[in-house]
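Report on the structure
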Amino acid sequence: MASTSKAFNNFLFSAVLAASMAAVLAAGFQFEVGEKRGWKLPTGNEPETYNEWAAKNRFHIGDTVHFKYEKDSVLVVNSADYLNCNTSNPISKFEDGNTVFQFDRSGLFYFISGQPGHCRSGQRLIIRVMHPVEAPGLAPSPAPGRDSGGDSGEWGTPSKNSTTRVSAVSCFMTVFIGLFVMLYLFM
Ligand SMILES: *[C@@H]1O[C@H](CO)[C@@H](O)[C@H](O)[C@H]1NC(C)=O
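Attention in this report is confined to the structure presented alongside it. (Residues numbered from 1 in each chain as written. Predicted model: local features only at pLDDT ≥ 70, side-chain atom pairs only at ≥ 80, totals over all residues. Heavy atoms only, no water.)

The environment of the ligand is formed by Asn86, Ser88 and Asn89. A distance of 2.3 Å is found between an oxygen atom of the ligand and a side-chain nitrogen or oxygen belonging to Asn86. A distance of 3.3 Å separates an oxygen atom of the ligand from a polar side-chain atom of Ser88. In the complex, 32% of the free accessible area of the ligand, which totals 360 Å², lies under the protein chains. (Near = heavy atom within 4 Å. Polar contact = N/O pair within 3.5 Å; in protein donor to acceptor, adjacent residues only side chain to side chain. Areas by Shrake-Rupley, 256 points an atom, 1.4 Å probe, with all protein chains shown as cover.)

Right under this line is the structure:
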């Protein structure tokens, strides 16, 4: 009797753990645009541009970017308006100083500052959100002999974000398999 209730407790624990892992994965990862500096007019002394920062990272559907700014704005624009720094026709405009934008699709997203001159000085950002089949952890295992990682695209090396995600997925799988083993043994 005691061992049955222990098994049940283990089962409950695993179920709760699996559910929280699933919640973490579904919530996505939040990126800080400009990291500590935030979203502001570049001085030219930054270690990297916004686009250099973006190229180091891997963005997935469901992930968010957080823009922190003062006396500025975030405009989501199309590619032509991005190239011309045209602020007159944004798809979306945010001015609250604390904007969280979530990626609801794969492909390219263009962000520029709405302040006059800021975009031309480099306060602009292109983010490429990976297609689900490119995303490590969601893609099937690579065929033997093929380069692992899945995304050999034009945007550089995997970041620590993708590593986190892969380990989250494998942790989730471990818990999930554990759950089934326990069901099999004790039910
Ligand atoms: C900016 O976009 C608007 C609306 O699409 C267009 O009418 C205008 O000519 C553009 N301005 C420049 C400088 O490209």
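Sheet strands associate in pairs through backbone hydrogen bonding, adopting either a parallel or an antiparallel arrangement. Read from one edge to the other, the open sheet built from 3 strands follows the order β1-β2-β5, with strand pairing classed as mixed. The outermost strands of the open sheet, each flanked by one partner alone, are β1 (30-32) and β5 (98-102). Strand-to-strand twist across the sheet, computed as the mean angle between neighbouring axes with direction ignored, equals 25°. Taken together, the 3 bridges between β1 and strand β2 (residues 64-68) define a ladder with parallel strand orientation. From the neighbouring strand, Glu32 faces β2, where its bridge partner is His66. (Pairing = 2+ DSSP bridges. Helix = DSSP H or I, 4+ residues; strand = E, 2+ residues; numbered from the N terminus. Axes fitted to C-alpha atoms, helices over the stretch in contact; angles between N-to-C directions.)

Bringing the sheet that holds strand β4 (residues 92-94) into the picture now. Strand order across the open sheet formed by 4 strands is β4-β3-β6-β7, with antiparallel pairing between neighbours. In this open sheet, the two edge strands, each paired with only one partner strand, are β4 and β7 (124-129). Ignoring which end each strand starts from, the neighbouring axes of this sheet average 20° apart. Examined bridge by bridge, strand β3 (residues 74-77) and β4 share 3 bridges and lie antiparallel to one another. In the strand pairing of β4, Val76 is matched with Ser92.

Moving on, we get to the pairing of β3. Within a regular strand, the side chains alternate between the two sheet faces. Burial along β3 is two-sided: Val74 and Val76 and Leu75 and Val77, pointing in opposite directions, are all buried. In terms of strand pairing, β3 meets strand β6 (residues 107-112) through 3 bridges, oriented antiparallel. Bridging across to β6, Val76 finds its partner in Phe111. (Buried < 20%, exposed > 50% of the residue type's maximum accessible area, 1.4 Å probe, protein only.)

Once that is clear, we can look at the environment of Ser73. Along the chain, Ser73 falls in the loop between β2 and β3. Separated by 22 residues in the primary sequence, Ser73 and Glu95 place their C-alpha atoms 4.6 Å from one another. One polar contact links the side chain of Ser73 to the main-chain amide nitrogen of Gly114, over a distance of 3.1 Å.

Moving on, we get to the packing of aromatic side chains. Scanning the model with the defined rule gives 14 aromatic pairs in all. Centroid distance Phe59 to Phe103: 6.0 Å. Interplanar angle 75°. Geometry classified as edge-to-face. Residue Phe59 is found in the loop between α2 (50-56) and β2, and its partner Phe103 is found in the loop between β5 and β6; the two are separated by 44 residues along the sequence. Using a relative accessible area of 1% as the deciding quantity, one classes Phe59 as buried. Each member of the aromatic cluster is reached from another via a ring pair, and the members are Phe29, Phe31, Trp39, Tyr50, Trp53, Phe59, Phe67, Phe94, Phe101, Phe103, Phe109 and Phe111. (Phe/Tyr/Trp six-rings, centres within 6.5 Å; stacked < 30°, edge-to-face > 60°.)

Shape descriptors only; they carry no functional weight alone.
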